[in-house]
Amino acid sequence: MPLSGAAEGLVPSAELTPAALPFLRELGDLKRVFSAQAPGSIAERLFALGWAALVRGDAPAAVMEQVTGAALVSARLGDLDLATLNTLGLGDDAVTVLERAFDEVTHDLNPALAQRLRAALARGRPVPGPVPSFVGKLAHQPRAGVTCPGHPRILLQPAENHAEHCLMVAVYGVLASPWHGADPVSVFLAGMAHHFHNADMPDSGYSGEILLGDRLDTAIATARQACLDELAATAPDLALVITAALAPIGGDVTPEARAFHVADVLDRVLEIEQHLRAAGLTMQVVLHDYGLVHDGPVKTFHDRILADAGLA
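This one's a predicted model, so the numbers in the text were calculated from it and none came from an experiment.

So, on to the pattern of salt bridges. Taken as a whole, this structure holds 22 salt bridges when the rule is applied. The salt bridge partner of Arg125 is Asp79, with a shortest N-O separation of 3.0 Å. Taken together, the positions of Arg125 in the loop between helix H6 (111-119) and helix H7 (133-140) and Asp79 in the loop between helix H3 (60-77) and helix H4 (82-87) put the pair 46 residues apart, joining distant regions of the chain. Residues Arg125 and Asp79 agree in their burial class; the two are buried.

A few words on the environment of Ala232. Along the polypeptide, Ala232 turns up in helix H11 (residues 216-234). C-alpha separation for the pair Ala232 and Glu15, spaced 217 residues apart in sequence, amounts to 37 Å.

Within the largest apolar cluster, 77 residues are counted, with the highest numbers of intra-cluster contacts made by Leu27, Trp51 and Ile242. In terms of residues, this core owes the most to one element, helix H8 (residues 162-180), which gives twelve residues. Once residues lying within four places of it in the same chain are set aside, the contact partners of Trp51 are Val131, Phe134, Val135, Met192, Ala193, Phe196, Leu231, Leu238 and Ile242.

A few words on the pairing of strand E2 (residues 151-154). Pairing of strand E1 (residues 146-148) with E2 involves two bridges; the strand directions are antiparallel. Note on E2: the bridge partner recorded for Val146 is Ile154.

Its location among the elements puts His194 in the loop between helix H9 (184-193) and helix H10 (205-212). Separated by 3.1 Å, the side chains of His194 and His165 make a polar contact.

Omega for the peptide link from Gln157 to Pro158 comes to -5 degrees, which places this bond in the cis form. Mapped onto the fold, Pro158 is located in the loop between E2 and H8.

Three or more residues of helix H1 (residues 21-28) are buried, namely Phe23, Leu24, Leu27 and Gly28. Down the axis of H1, the buried set is contained in an arc of 145 degrees. They therefore lie on one face. Buried positions along H1 lie against H3, helix H5 (93-105), H8 and helix H13 (255-279).

Attention now goes to the packing of aromatic side chains. Per the counting criterion, the structure on display carries four aromatic pairs. Taking the centre distance of 5.2 Å and the plane angle of 85 degrees together, the rings of Trp51 and Phe134 count as edge-to-face. Placement of Trp51 in helix H2 (residues 42-56) and of Phe134 in helix H7 is noted, with a sequence separation of 83 residues between them. Residue classification places Trp51 among the buried positions, given a relative accessible area of 0%. Classification of Phe134 by relative accessible area gives buried; the value is 1%. With a centroid separation of 4.6 Å and 55 degrees between ring planes, the pair formed by Phe134 and Phe196 is classed as tilted. With Phe134 in helix H7 and Phe196 in the loop between H9 and H10, this residue pair connects regions lying 62 residues apart in the sequence. Each member of the pair Phe134 and Phe196 is classed as buried. Clustering of aromatic rings is evident, with ring pairs tying together Phe47, Trp51, Phe134 and Phe196.

What counts and how
- Residues numbered from 1 in each chain as written.
- Predicted model: local features only at pLDDT ≥ 70, side-chain atom pairs only at ≥ 80, totals over all residues.
- Heavy atoms only, no water.
- Salt bridge = Lys/Arg side-chain N within 4 Å of Asp/Glu carboxyl O.
- Helix = DSSP H or I, 4+ residues; strand = E, 2+ residues; numbered from the N terminus.
- Buried < 20%, exposed > 50% of the residue type's maximum accessible area, 1.4 Å probe, protein only.
- Core = buried A, V, L, I, M, F, W, Y, C linked by side-chain atoms within 4.5 Å.
- Contact = heavy atoms within 4.5 Å.
- Pairing = 2+ DSSP bridges.
- Polar contact = N/O pair within 3.5 Å; in protein donor to acceptor, adjacent residues only side chain to side chain.
- Arc of directions from axis to C-beta.
- Phe/Tyr/Trp six-rings, centres within 6.5 Å; stacked < 30°, edge-to-face > 60°.

Below is the structure:
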């Protein structure tokens, strides 16, 4: 859908339309899906698994496919990943379940990209392993919330962290890559690394950036370089690849930069929208649209209980 200002020189957002938002919202909720398997949200843990695979030397393309494919199926299956399904005794049916979840949510995905990601489901999530210290720092660094120069900060709890944001930007960026003819691997890597600086730089938001003034770029570059130096100490080739992936995102000239910015701005805004949607949730939606008290042998009795309690 072209932007309304396309005639004024703006680049159209290609195939992005409001029809894409429901699934992007659903994916964004991976920041809020937890289980007893491990601490942290699914998004936070996929971020760590992705970096473990990258520093271990797995091919970036393979990591992109595994992490993105895992995120897509987790939108519906949560933490029922390949390893868990195998543990639960599904055997050969485990991959079939993952494929079923993938097919349910990817109707509008670019066919070539969908085929590539679907094929990676049989490999499951990346294997855990050691990660650089910046991975843990980003997972513990909260996002700033809503800030504006001259105004007090608006805090929305629970706050997302930078690992979760980076993971979602990486995944959204892969999905947006075909819209701009971008390399999904480069976009994925840019998403995974674009907040390197916040490992050592607490997030003060737009307000803080304005107050830092002409020292902002120096602060960001110094903090980002610390992460790249840590990466170079154990994976020098990867550090060069990450540097190259980050280079174009300061603007929107390249296809990769455009796909990245589609992902970044959507995640930033959808995260705030999620809080507003939750605050506006009604019992009509919960009970009738979503069928919280769903069909079953005691449905009639449950309905009577709710009616007697004044909740129906």
